[in-house]
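Remarks on the overall topology
If you want the building blocks of each chain, they are given just below.
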Amino acid sequence: MTTGARGTTAAAAITTASADWRALGTSVRLVTTDPRLLDTCNLLLARHLAEVDAACSRFRPDSELAALDSADGRPVRVSPLLADALAVALRAAAATDGAVDPTVGSAMNAIGYDRDFRLVQGHDGRPVRLTVRPAPGWRRIRLDRATGTVTVPAGVRLDLGATAKAWAADRAAAMLAEAAGCGVLVSLGGDTAVAGAPPLGGWRVRVQDATGHPDEAPAEGPYTTVGVRSGGIATSGTTARRWRRGTHALHHIVDPRTGLPAVSPWRTVSVAAANCADANAASTAALVKGTGAERWLARLGLPARLVAHDGTVVTTPGWPAPTARPAFEDEAVQAEGGPGGAAPGFGKGWGRGEGPPQAPHHSTPQAYRTTPEAAA
């Protein structure tokens, strides 16, 4: 893991420190408002993400999630960590009317996303046969929190990629802020959660169309920067995790209704919500829902920015105006990117009474990005 440069945001008079590395098959960025606590927080974050990987990975044969594949429909006792992750996935499925569904594991394998994405990209590109086959459906999963067991029908494979990274970011940010007593930002592949006291003006999060290092302006594509004081923000998109199999150009956002990559008028959708898990579920669902997704997000009270394939930007109420900058940079964004419970938790999604994300009130040299690298 690599610790990034430390710097003071002049207007906020707060020194932040950051660390960048990789875990869960994606980029990790940790930022603290107390540089003295960065290394300790980084060690705690690494341990937390290792536990999440051991519980939730679809690509590790020794993970708890993989063990469910051979249960043949029998109830399996799972760790509290995996139970929480499954509860979040089922909650997201209910809240999105099934647009985000954890039973798409077999569909992901069928389109070639059956290993870490860096290996998918390096695959030999042999053709795949694309067949419309709806996902089995999230309602078939039985999670019994009282007994700590989960029942998955025989032949059904789970994929928690649409929720687990964002949920892990939420848990990590809350845990680290409580342990360290300072402001914390955790970004996993662009799924960004914040906790504790934020810098003045909020955490500056850059939303962009092209993946890149958060300390460097994107080499291509427009972007915008917003201030986030609490909760989370995530972007989902069809442009970042793409690969070819034969004549087919594929991406990682699967439509549960078909089992195939979603066909959407949007290339990226960014959402701010009470937590990162809700933000990521909503942004992914918006891509799957396609036309009319902006109205769905608005009805839920979720501030969002949707970017069409031609670069047209549509926002919902609550999304802030970008910081002033040249007009040619102003109109395009990129993609990527709670506690378990039975009831859907969307609605007025900026969370904890802080109000929607705000445009930054000052200029600082550092921003943290949300891009479409890891949503599923």
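In what follows, the accompanying structure is described. (Residues numbered from 1 in each chain as written. Predicted model: local features only at pLDDT ≥ 70, side-chain atom pairs only at ≥ 80, totals over all residues. Heavy atoms only, no water.)

So, on to unusual backbone geometry. The backbone phi angle of Asp72 is positive, close to 55 degrees, even though this residue is not glycine. Even without glycine at this site, Asp97 takes up a positive phi of about 60 degrees. Position of Asp97 relative to the elements: it lies in the loop between helix H3 (80-95) and helix H4 (105-110). (Helix = DSSP H or I, 4+ residues; strand = E, 2+ residues; numbered from the N terminus.)

This next bit is on the pattern of salt bridges. All told, the structure shown has twelve salt bridges when counted by the stated rule. Between Arg58 and Asp159 there is a salt bridge, with the nearest N and O atoms lying 2.9 Å from each other. Remark: Asp159 occurs in the loop between strand E7 (149-151) and helix H6 (164-180) and Arg58 occurs in the loop between helix H1 (38-56) and helix H2 (64-67); sequence separation between them is 101 residues. Take Arg58 and Asp159: they sit in the same class, and that class is buried. Residue Arg171 is joined to Asp84 by a salt bridge in which the shortest nitrogen-to-oxygen separation is 3.1 Å. Here Arg171 is found in helix H6, whereas its partner Asp84 is found in helix H3, with 87 residues between them in sequence. Asp84 gets classed as buried once you look at its relative accessible area, which sits at 18%. (Salt bridge = Lys/Arg side-chain N within 4 Å of Asp/Glu carboxyl O. Buried < 20%, exposed > 50% of the residue type's maximum accessible area, 1.4 Å probe, protein only.)

What follows deals with the packing of H6 against helix H7 (residues 276-289). Contact geometry for H6 and H7: axes closest at 7 Å, N-to-C directions at 160 degrees. When the axes of H6 and H7 are compared, the pair comes out roughly antiparallel. Helix-helix and strand crossings are classified by hand; for H6 and H7 the assignment is right-handed. Between H6, through Ala166, Trp167 and Asp170, and H7, the contact on the second element is made entirely by Cys276, Ala277 and Asn280. Of the residues in the contact of H6 with H7, the class split is four nonpolar, one polar and one charged. (Axes fitted to C-alpha atoms, helices over the stretch in contact; angles between N-to-C directions. Parallel < 35°, antiparallel > 145°, perpendicular 65-115°, else oblique. Left-handed = near helix turned anticlockwise from the far one by under 90°. Contact = heavy atoms within 4.5 Å. Nonpolar A, V, L, I, M, F, W, Y, C, P; charged D, E, K, R; others polar.)

This paragraph deals with the packing of H1 against H3. In the contact formed by H1 and H3, the axes pass within 9 Å of each other and the chain directions differ by 75 degrees. By the angle between their axes, H1 is roughly perpendicular relative to H3. The residues of H3 that touch H1, namely those facing Glu51, Val52, Ala55 and Cys56, are Leu81, Leu82 and Ala85. Within the contact of H1 with H3, the residues separate by chemical class into six nonpolar, no polar and one charged.

Now for H1. The end-to-end C-alpha distance of H1 is 26 Å, a good match for the 27 Å that 19 residues give at a rise of 1.5 Å each. When H1 is considered as a whole, its buried residues turn out to be Leu38, Cys41, Asn42, Leu45, His48, Leu49, Val52, Ala55 and Cys56. All buried residues of H1 fall inside an arc of 150 degrees around its axis, so they share one side. In H1, the exposed positions that point more than 90 degrees away from the buried face belong to Leu43 and Arg47. (Expected span 1.5 Å × (residues − 1). Arc of directions from axis to C-beta.)

On to the nonpolar core, then. Within the largest apolar cluster, 72 residues are counted, with the highest numbers of intra-cluster contacts made by Leu45, Leu49, Leu160, Trp167, Val186 and Leu297. Core analysis: the next-biggest nonpolar cluster, separate from the first, contains ten residues, Val31, Leu185, Val207 and Val228 among them. (Core = buried A, V, L, I, M, F, W, Y, C linked by side-chain atoms within 4.5 Å.)

Per the stated rule, a full pass over the model turns up zero aromatic pairs. Its end group placed over the ring of Trp296, Lys289 keeps NZ or CZ at 4.8 Å from the ring centre. (Phe/Tyr/Trp six-rings, centres within 6.5 Å; stacked < 30°, edge-to-face > 60°. Lys NZ or Arg CZ within 6 Å of the ring centre and 35° of its normal.)

So, on to the environment of Ala169. On the secondary structure map, Ala169 appears in helix H6. Taking relative accessible area as the criterion, Ala169 reaches 0% and is therefore assigned buried. With residues near it in sequence (within four places) discarded, Ala169 still touches Val186, Leu188, Asp191 and Ala193.

Once that is clear, we can look at the environment of Thr163. Within the secondary structure layout, Thr163 lies in the loop between E7 and H6. In this structure Thr163 comes out as buried when scored by relative accessible area, which is 4%. Each residue touching Thr163, except ones within four places of it in the same chain, is listed here: Val88, Ala89, Ala92, Val100 and Asn280.

Across the sheet, which stays open at both edges, the three strands sit in the order E5-E7-E6 with antiparallel pairing between neighbours. A single partner strand is all that each edge strand has here, and the edge strands are strand E5 (76-77) and strand E6 (142-144). Two strands pair when backbone bridges link them, and E5 and E7 are joined in this way by two bridges, in the antiparallel orientation. Residue pairing across strands places Arg77 opposite Thr149, the latter belonging to E7. (Pairing = 2+ DSSP bridges.)

Its 14 residues give H7 an end-to-end C-alpha distance of 20 Å, which sits within 8% of 20 Å, the value for a rise of 1.5 Å per residue. The buried fraction of H7 is high, at 13 of 14 residues. Gly290 sits one or two positions beyond H7 and adopts a positive phi of about 70 degrees.

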